[in-house]
Structures are given as structure tokens and as C-alpha cells.
Amino acid sequence: MNIHVKILSKSLIKPSTPTPDHLRIYKLSFFDQVADLAHLPLVLFYPHCNNNPKHEVLEESLSRILSHVYPLAGRFTEDESSILCLDQGVTYIKATVNCKLDDFLQQANNDLDLALPFWPHGIMDVDDTNLFVTPPMVVQVTIFECGGLALAISSAHPAMDGFAAFTLVYEWAKVCKFFIPSKEINFMSFNLGTLFPTKDLTAILEPPVCEGKRTQSKLIAKKFIFDEVSISRLREEFDSSNVLSFKPSRVEMITSLLWRSLIRAARSPYLKRSVMSFPLNLRGKVVDYPEIASSFGNLIIEIPIKFEHDDETKVESLHHIVKLIRESVQETTSYCAKATPDEIVSLVVNLYNDGYAGFEWGGDKEVVNFTCSSLCRFPIQKTDFGWGKPSLMHFGSRHSQVFWLYDTPCETSIVVQMDLEEMYLDNLVRDQDIMAFAKF
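One structure accompanies this document, and this report is about it.

Cut-off values and rules
Residues numbered from 1 in each chain as written. Predicted model: local features only at pLDDT ≥ 70, side-chain atom pairs only at ≥ 80, totals over all residues. Heavy atoms only, no water. 1 Å grid on protein atoms, 1.4 Å probe; cavity = no way out; pocket = protein on both sides within 12 Å on 5 of 7 lines; lining within 4 Å. Points joined across faces, edges and corners; volume = space filled by probe spheres on them. Nonpolar A, V, L, I, M, F, W, Y, C, P; charged D, E, K, R; others polar. Phe/Tyr/Trp six-rings, centres within 6.5 Å; stacked < 30°, edge-to-face > 60°. Helix = DSSP H or I, 4+ residues; strand = E, 2+ residues; numbered from the N terminus. Buried < 20%, exposed > 50% of the residue type's maximum accessible area, 1.4 Å probe, protein only. Pairing = 2+ DSSP bridges. Salt bridge = Lys/Arg side-chain N within 4 Å of Asp/Glu carboxyl O. Contact = heavy atoms within 4.5 Å. Axes fitted to C-alpha atoms, helices over the stretch in contact; angles between N-to-C directions. Parallel < 35°, antiparallel > 145°, perpendicular 65-115°, else oblique.

**A look at empty space enclosed by the protein**
By the definition in use, this model includes 2 cavities of 30 Å³ or more. Roughly 30 Å³ of volume is contained in the second largest cavity. Along its surface, the second largest cavity is lined by Leu195, Phe196, Val286, Tyr289, Ile292, Thr340, Pro341 and Ile344. Residues belonging to the lining of the second largest cavity are distributed by class as follows: 7 nonpolar, 1 polar and no charged.

**Some points on the packing of aromatic side chains**
Aromatic rings in a pair are described by how distant their centres are and how their planes are angled relative to each other. Using the criterion set out here, one finds 26 aromatic pairs in the structure. With centroids separated by 5.1 Å and ring planes inclined at 65 degrees, the aromatic side chains of Phe104 and Phe118 adopt a geometry described as edge-to-face. On the criterion of sequence distance, the pair formed by Phe104 in helix H3 (residues 101-108) and Phe118 in the loop between H3 and strand S7 (137-143) is long-range, its members being 14 residues apart. Consider the rings of Trp259 and Phe307, whose centres lie 6.3 Å apart with planes at 70 degrees: the pair is edge-to-face. Taken together, the residues span a long stretch of sequence, with Trp259 in helix H8 (residues 250-265) and Phe307 in strand S11 (residues 300-307) at a distance of 48 residues. We classify Phe307 as buried; its relative accessible area is 0%. Grouping aromatic residues by their ring pairs yields a cluster made of Phe163, Phe166, Phe378, Phe395, Trp404 and Tyr406.

**Describing the pairing of strand S12 (residues 368-374)**
Of all 7 residues in S12, 6 are buried, a share of seventy percent or more. As judged from the 4 bridges shared by strand S10 (residues 274-281) and S12, these two strands associate in the parallel manner. Across the sheet, residue Ser277 finds its bridge partner in S12, namely Thr371. Strand direction decides the pairing type here: S12 and strand S14 (residues 402-407), joined by 4 bridges, are parallel.

**A word on the pattern of salt bridges**
Here the structure, examined in full by the defined rule, presents 14 salt bridges. A salt bridge links Lys177 to Asp384; its shortest N-O distance comes to 2.9 Å. With Lys177 in helix H4 (residues 162-178) and Asp384 in the loop between S12 and strand S13 (392-395), this pair connects stretches of sequence that are 207 residues apart. Asp384 sits in the buried class, given a relative accessible area of 18%. Among the ionic pairs, Arg250 bridges to Asp407, the shortest N-O distance being 2.9 Å. Of this pair, Arg250 sits in helix H8 while Asp407 sits in strand S14, and the two are 157 residues apart along the sequence. The pair formed by Arg250 and Asp407 is uniform in burial state, with each residue classed as buried.

**So, the environment of Lys272**
Mapped onto the elements of the fold, Lys272 is located in the loop between H8 and S10. Sequence separation of Lys272 and Glu366 is 94 residues, and the distance between their C-alpha atoms is 6.4 Å. Discounting residues that sit within four places of it in the chain, Lys272 has contacts with Ile263, Ala266, Phe307, His309, Glu366 and Val368.

**Looking at the sheet that holds S13**
Spatially, S1-S6-S7-S8-S3-S13 is the arrangement adopted by the 6 strands of the open sheet, whose pairing is mixed. Lying at the two open borders of the sheet, with one neighbouring strand each, are strand S1 (5-13) and S13. Strand-to-strand twist across the sheet, computed as the mean angle between neighbouring axes with direction ignored, equals 15 degrees. Note that strand S3 (residues 39-46) and strand S8 (residues 149-156) share 8 bridges and pair antiparallel. In the strand pairing of S8, Leu42 is matched with Ile153. Along the sheet face, helix H2 (residues 55-66) touches S1, strand S6 (90-97) and S7 and points at about 160 degrees away from the line of S6.

**Focus: the packing of helix H7 (residues 228-238) against H8**
Orientation of H7 relative to H8, taken along the N-to-C sense of each, is 80 degrees, at an axis distance of 10 Å. Classified by the angle between their axes, H7 and H8 sit roughly perpendicular to one another. For the pair formed by H7 and H8, the contact residues are Ile231, Leu234, Arg235 and Phe238 on the first element and Arg250, Met253, Ile254, Ser256 and Leu257 on the second. Partitioning the contact of H7 with H8 into residue classes produces 6 nonpolar, 1 polar and 2 charged.

**Considering the environment of Ile204**
Looking at the element boundaries, Ile204 is found in helix H6 (residues 201-204). With 80 residues separating them along the chain, Ile204 and Gly284 place their C-alpha atoms 27 Å apart. What Ile204 contacts, discounting residues up to four positions off in sequence, is Phe30, Lys199, Val349 and Asn353.

Dropping the structure here:
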């Protein structure tokens, strides 16, 4: 499919009300410091309907929400420790594309890479050399020939994590649909820079031995669907013995199945060790700090879950893998629940140095790295700006091998978007478990 996106204009959308002087300097946090140096794009595709918005409606609602989420309209300072909030504005790009949405969707559901041209213009060129001179947020609205549209939002990871970004988009949709005035918009707090101040990272973090999780190979995206029947059959696999003392969640079961298949796919010809990074959102999980439940910024711990290759039978045991995932996540969650901010920072440092920077795991090129990120139960599929729910979603930075889990609109099935190197993807689609349980 020959897709040509034509850029019509670029402008800056500023907050509807000026940012007060005492908020002009937004201090980044320790979690912002250790975030990946990348822009995180999200693209939502919407069909044409009579209520399709005009650019003015989107621009006005964005302006109103920026009066609350003011750091996104600012710019990073030269020392990269804060955001200067002088209402410089969010980049807003208008574009058109030379096809109809239905024709695009027919092919994009099988080839997610067709969504890449709809990323905000220039975002693919953002890396660690120019991220801090790029606006923290860029929006692009691309209109199809039929009147449908692609709404793309990309945010700098050092400004906010995926949870904050998805929350922002979901709330922006409500502001747009219901014409909520700026004075009534209040869904985030801005306190992480105080609770988790920036540190001298050179003094506490070991330098990465290599690029680690970030891959220089081309990644290909593919979508897999685990429907209600497949999930029930998978449940029977886990319930077939009395090995487990807990009932795995749907996410745990699918994650275990996928990770096992990926470990198999990495054989060359012997079994390799693997680290799966599991992002844990700390919002609402630290008992003594309820005020961080809705914090803007980054508040994610990347838990390195390690698979050893000392026993060939372990990779064939879903019970072993799901237990490894549950225990690793539960240990971190339990510790953070009662920890102080300083203790949480120390934990992050130790996890990073041990799992990603050290020679044993981070420096071993034979260790295969993946990331699993679950958006299940998060209502991103219900993001309605006033013209219905999205027909297709696409996200990811394409810097590391990731599988993203999210609910189908009916919430009975789970979709997995996998960003993988071609070798792994080719082996994965031939894996007996994937063929047995997933549709693609």
C-alpha cells in the first residue's frame, strides 16, 4: 500500500490561561532522569462520522488541558534537570493522506508498520542527541480522503511515562467531547520532583556495558489476539496440576506463554538466558504517599525478571515461568508499599545495576532482552473525542523488543502488539503455542 502523508501546516498550541510565575520551573524527578531517552508515540485511528471535529475544536480543547498539564507546553532546560514553563506551546501538525481509512485498516490490521507514516512528523529522527531540544509533546492530525482521521500524540519519555501519557489523552478526549472549561480540569498532581529529587547519576548508576535493551536492528510490529475461548483453554493449561498456590491473571498467563515462545525463538541452537523487563506503575502502591496516585511524570520501576538456562525443562514449564513473574513483581510491589522515597530510589538503582548495567546480565550479548507492558483495564480503547471509539491503536518507540497487552473493546479478549526483530518474529509465528492460542 503506497501511503503518502502530506504536511499542511505546523503551529504551536499554548495553554488557554498563562502559567503562574511560581510554576515557571517544573523540576524533573529521579524517575524522569532514568527514563529512556526517546519520544513515545501513540496513534488512534477514527472513522468519519457527522460529529467529526474540526481542527479548531481539537486545538481549543488541547489549549484548555495544557493550562492544567502546563509542563508539556514548556521546554527542557539546558542542564536537563527541569522544564522551563513559559507557555512556549505544543507542536500541532495538520496533514492529509492519499487513501481512505477503510482501505488502510483492511491492510493495517495485518501489517501494523503501515501506521508508522502517521507518527508526528520528525519524531522518528528524535534520539538521545536531540531529545532535549525537541518539544516535550507533539501532536499530528492526519485526515483521510473519506474524512476519517489519525490522531497521533508523541511525548518525551523524560517528561512523562506511558501511564501519564495515556491518562492525558483520555482526559483530553473528555475535555473535547464535553467542552469542559479549563478551571474544571484537575486530574494530575505535580509533586514527584519534590518527593524524588534528581540525583548525580554518575555516582550511583553503573555505566551501561553496551546498548543493553536498545536495539539497532529494524523492529517489525505484529498484532496477536487471544480471544475468550483461547484464554479459557490457556487457563486449563495452568489449572492442569496443583503446582501453583495462586490463580494467575489473564495478563500473567499470556505473558508467560509469550515469553516462553520468545525464549524458544532465541535458540541458536542452544537455549539462551533472558531478561524480561516488567514496568511496574507505583501510583497508588506506596501506602504512606497517597498523593502520588495521580502524579504527572515518570513513576515506573522496570523490574528485571531473569530466566536462567541451567535447566532445559524450565522453559517448557509454564508454571515455572508464571511463578517467576509473579514472585518477582510481588517482591518489588510489597517492598515499595512500605518504603520511603529514598528506599525506593535505592531499589531502582540496585535493580538497574544488577539487571541492566552489570557484566553478568547487561553486558552479556547472549542474554536476550524483552519488555512486557500491560495496558489492560486502562480505558485507552474508549478514548472518545466526540466521534466514537478508535478503530485501531498503534504505539511504541521501536527502540527495544516490546510486547504490549491491551483489552479489546468488548473487554473479553486481549490484543498483543509485538515489536520484534524479524528473526524472532519469524520463529514466533511458527511456535506451537502461538499457533494454538493466538489469532494473527
